[in-house]
Amino acid sequence: MNSTDQKPFPCELWNERQASLALEQDLAQTRQSDLRAVNREAIRREEEASKDTNRIFWRGVMRFITHMTLATIVIYTIIHFAGKP
């Protein structure tokens with residue numbers, strides 16, 4: 001009987017299977033880590049877009065309030081001084 005014709009011992013099969021499972025688990029963890037990184041990046045982009053939208057909205061609100069305040073002051077000043085001789 002040739003040495004290449006021999007069947008591997010059960011413990012060799014067991015170690016090979018364990019190594020295969022460890023490699024599969026490592027690959028799965030790597031994929032999961034990559035997905036988590038992609039998800040974190042997507043969440044960060046969403047939060048940034050939300051902040052930008054809020055910033056634009058509140059800048060518009062503050063501009064409107066400022067213009068209304070200035071218009072009110074101008075109108076009050078015109079009315080106040082127009083009535084006096």
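Note: the structure precedes this text.
Conventions we followed
- Residues numbered from 1 in each chain as written.
- Predicted model: local features only at pLDDT ≥ 70, side-chain atom pairs only at ≥ 80, totals over all residues.
- Heavy atoms only, no water.
- Helix = DSSP H or I, 4+ residues; strand = E, 2+ residues; numbered from the N terminus.
- Buried < 20%, exposed > 50% of the residue type's maximum accessible area, 1.4 Å probe, protein only.
- Areas by Shrake-Rupley, 256 points an atom, 1.4 Å probe, with all protein chains shown as cover.
- Phe/Tyr/Trp six-rings, centres within 6.5 Å; stacked < 30°, edge-to-face > 60°.
- Salt bridge = Lys/Arg side-chain N within 4 Å of Asp/Glu carboxyl O.
- Patch = residues over 30% accessible without salt bridge, like charges linked within 9 Å, V, L, I, M, F, W, Y side chains within 5 Å.

Colleague: I'm lost on the overall build of the chain in this one. Help?
Modeller: Counting its regular elements, the chain contains one helix and zero strands. For the chain, the residues scored as buried account for 0% of the 85 residues in total. Summed over all atoms, the accessible surface of the chain reaches about 8200 Å², with 62% contributed by carbon and sulfur.

Colleague: Even after reading the chapter, I still don't get the packing of aromatic side chains, so can you show me in this structure?
Modeller: Under the defined criterion, the tally for this structure stands at one aromatic pair. Ring plane angle 75° and centroid distance 5.0 Å describe the contact between phenylalanine 57 and tryptophan 58, whose orientation is recorded as edge-to-face. In this structure phenylalanine 57 comes out as partly exposed when scored by relative accessible area, which is 48%.

Colleague: Looking at this structure, how should I read the pattern of salt bridges?
Modeller: Pairs can form between side chains of opposite charge once their charged atoms are near each other. Applying the stated criterion to the full structure yields three salt bridges. For glutamate 41, the salt bridge goes to arginine 44, with nearest N and O atoms at 2.6 Å. With glutamate 41 and arginine 44 both in helix H1 (residues 10–82), this residue pair falls three residues apart, about one helical turn. For arginine 44, a relative accessible area of 43% translates into the label partly exposed. The salt bridge partner of aspartate 52 is arginine 55, with a shortest N-O separation of 2.7 Å.

Colleague: How should I be thinking about a nonpolar patch on the surface in this particular structure?
Modeller: On the surface, a nonpolar cluster with roughly 410 Å² of combined accessible area is contributed by Met62, Phe64, Ile65 and Met68. Turning to its location among the elements, phenylalanine 64 is positioned in helix H1. A relative accessible area of 52% places phenylalanine 64 in the exposed class.

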